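Spelled out, the chains give:
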Amino acid sequence: MSFESTFCSCTADKLAEFSERIETCVGKLTPEQIWARHGENENAIGNLMLHLEGNVRQWILSSIGGEPDARARDAEFAARGGAAVADLRERLRSTVAKAVALIRTLPPERLADRMTIQGYDVTVLEAIVHVIEHFSGHAGQIIFATKLLTGEDLAFYAHLSAAKSHHEKTR
């Protein structure tokens with residue numbers, strides 16, 4: 001497998017993985033928890049979901065995939081509810097699924113193409129890296145908030161604990 005194919009496969013897998021973790025978190029929360037803010041300088045989980053959906057759509061589907069860009073970034077943060085949790089989940093899920101499919105089928109020669117997104121002059125490769133890094137950061141915020149709100153271990157790394165436990169028993 002070429003470097004380009006490996007890059008596209010790996011980044012598509014990571015985007016799907018982070019999205020699934022957000023799905024797990026949102027499934028454990030009430031609508032009130034998803035839209036809760038503890039202060040005006042904080043974003044609710046609902047705002048982060050709107051923001052991630054807008055970012056992936058703008059940077060991947062519009063800029064790389066050629067879909068129209070109708071993003072209203074400020075509205076992503078201004079929302080104070082209104083969107084049903086099922087709608088938030090479906091919008092994010094659908095956008096990520098389209099982006100994952102686009103990244104997986106991206107011709108390798110396109111990775112060096114240049115474009116301007118939000119005033120940034122970037123290559124397609126840089127745009128994909130930006131989206132993965134950005135999505136990862138906000139997914140981490142949602143995971144942390146979910147742990148605070150539920151007190152639960154989300155078990156995303158349970159396989160490592162099981163392996164450690166097995167290793168300790170065999171000593």
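Further up the page is the structure itself.
Every chain is numbered independently, its residues counted from 1 as its sequence is written. For a predicted model such as this one, the threshold for reporting local features is a pLDDT of at least 70, and the threshold for listing and counting side-chain atom pairs is 80 or more; totals across whole chains, interfaces and linings nevertheless cover every residue. The basis for every side-chain value is the complete set of non-hydrogen atoms in the structure, without hydrogens or water.

Colleague: Which residues make up the packing of aromatic side chains, and what values do they have?
Modeller: Each aromatic ring pair is characterised by the separation of its centres together with the angle its planes make. Here a pair means two rings of Phe, Tyr or Trp (six-membered ring of Trp) with centres within 6.5 Å. Their orientation is stacked below 30 degrees between planes, edge-to-face above 60, and tilted elsewhere. Counted under the stated rule, the structure contains two aromatic pairs. Here the aromatic rings of W59 and Y120 are separated by 6.4 Å at their centres, their planes lie at 35°, and the arrangement is tilted. A residue pair is termed long-range when its members are at least 10 positions apart, and W59 in helix 3 (residues 45–62) and Y120 in strand 2 (residues 120–123) qualify at 61 residues. Strands are runs of DSSP state E lasting at least 2 residues, helices are runs of H or I lasting at least 4, and numbering of each runs from the N terminus.

Colleague: Describe in detail the nonpolar core, supporting the description with residues and values.
Modeller: Grouped together as the largest cluster of nonpolar side chains are 47 residues, with contacts concentrated most on L15, I22, I60, I64, I128 and F135. Whether two residues are in contact is decided by their heavy atoms: any pair within 4.5 Å suffices. Once you skip the residues sitting within four places of it in the chain, I128 turns out to touch F7, T11, I60, I64, I103, L106 and L111. Within this scheme, the nonpolar core is defined by two criteria: the residues are buried Ala, Val, Leu, Ile, Met, Phe, Trp, Tyr or Cys, and they are joined through side-chain atoms within 4.5 Å. Relative accessible area decides the class of each residue, using a 1.4 Å probe on protein chains only: under 20% of the type maximum gives buried, over 50% gives exposed, and in between gives partly exposed.

Colleague: Help me get a handle on the environment of R71, residues and values and all.
Modeller: Tracing the sequence through the fold places R71 in the loop between helix 3 and helix 4 (73–78). Nitrogen and oxygen atoms within 3.5 Å of one another constitute a polar contact, given that in protein one can donate a hydrogen and the other can accept it, and given that sequence-neighbouring residues count only through two side-chain atoms. Among the polar contacts made by the side chain of R71, one reaches the side chain of H51 at a distance of 3.2 Å. Within the structure, R71 has its side chain in polar contact with the side chain of E76 (distance 2.8 Å).

Colleague: I'd love a proper account of the state of the cysteines, names of residues and values included.
Modeller: Cysteine sulfur atoms that pair up within 2.5 Å are treated as a disulfide. Here the structure, examined in full by the defined rule, presents zero disulfides. Lacking any disulfide linkage, C10 is separated from the closest cysteine sulfur, that of C8, by 10 Å. Residue classification places C10 among the partly exposed residues on the basis of a relative accessible area of 42%.

Colleague: Tell me about the pattern of salt bridges, and name the residues and values.
Modeller: Salt bridge, as used here: a side-chain nitrogen of Lys or Arg that lies within 4 Å of a carboxyl oxygen of Asp or Glu. Applying the stated criterion to the full structure yields 14 salt bridges. The partner of E17 in a salt bridge is K14, and the shortest N-O contact between them spans 3.1 Å. Residue E17 and its partner K14 are both found in helix 1 (residues 3–27); the two are separated by three residues, about one turn of the helix. Residue K14 is classed as partly exposed on the basis of its relative accessible area, which comes to 33%. Between R93 and E23 there is a salt bridge, with its nearest N and O atoms 3.0 Å apart. Here R93, found in helix 5 (residues 85–104), pairs with E23, found in helix 1; they are 70 residues apart in sequence, far enough to count as distant. Connected via shared salt-bridge partners are E23, R89, E90 and R93.

Colleague: Kindly report on the pairing of strand 1 (residues 114–117), identifying the contributing residues and their values.
Modeller: Burial of strand 1 is one-sided: the residues M115 and I117 facing one way are buried, the residues R114 and T116 facing the other way are not. The pairing of strand 1 with strand 2 spans four bridges and is classified as antiparallel. Its bridge partner lying in strand 2, M115 is registered against V122. Connecting strand 1 to the antiparallel partner strand 2 that follows it, the hairpin turn spans two residues, and Q118 within it adopts a positive phi of roughly 50°. At least two bridges found by DSSP between two strands is the condition for calling them paired.

Colleague: Could you give an account of helix 5, with specific residues and numbers?
Modeller: With 20 residues, helix 5 should cover 28 Å at 1.5 Å per step; its first-to-last C-alpha distance of 28 Å lies within 8% of that length. Considered for burial, the residues of helix 5 that qualify are V85, L88, L92, T95, V96, A99, V100, L102 and I103. Looking straight down helix 5, one finds its buried side chains confined to an arc of 160°; they lie on one side. Its buried side turned inward, helix 5 meets helix 1, helix 2 (31–34), helix 3 and helix 6 (124–150). To estimate how far a helix should extend, the number of its residues minus one is multiplied by 1.5 Å. Directions pointing from the helix axis toward each C-beta atom define the arc.

Colleague: Tell me about the packing of helix 1 against helix 3, residues and numbers included.
Modeller: For the pair helix 1 and helix 3, the least separation of the axes is 12 Å and the interaxial angle reads 155°. Taken together, the axes of helix 1 and helix 3 are roughly antiparallel relative to one another. Relative to helix 3, helix 1 is oriented so that their crossing is left-handed. Residues L15, I22 and V26 of helix 1 touch helix 3, and the partners they reach there are I45, M49, L52 and V56. Here the residues of the contact of helix 1 with helix 3 are counted per class, giving seven nonpolar, no polar and no charged. Axes, fitted as lines to C-alpha atoms, cover a helix only where it is in contact. Angles between the N-to-C directions of the axes lie from 0 to 180 degrees. By the definition adopted for this analysis, an angle is roughly parallel if under 35 degrees, roughly antiparallel if over 145, roughly perpendicular if from 65 to 115, and oblique otherwise. A crossing counts as left-handed when the near helix is turned anticlockwise from the far one by less than a right angle, and as right-handed when that turn is clockwise. In this count, Pro and Cys sit with the nonpolar residues alongside Ala, Val, Leu, Ile, Met, Phe, Trp and Tyr, while Asp, Glu, Lys and Arg are called charged and the others, Gly among them, polar.

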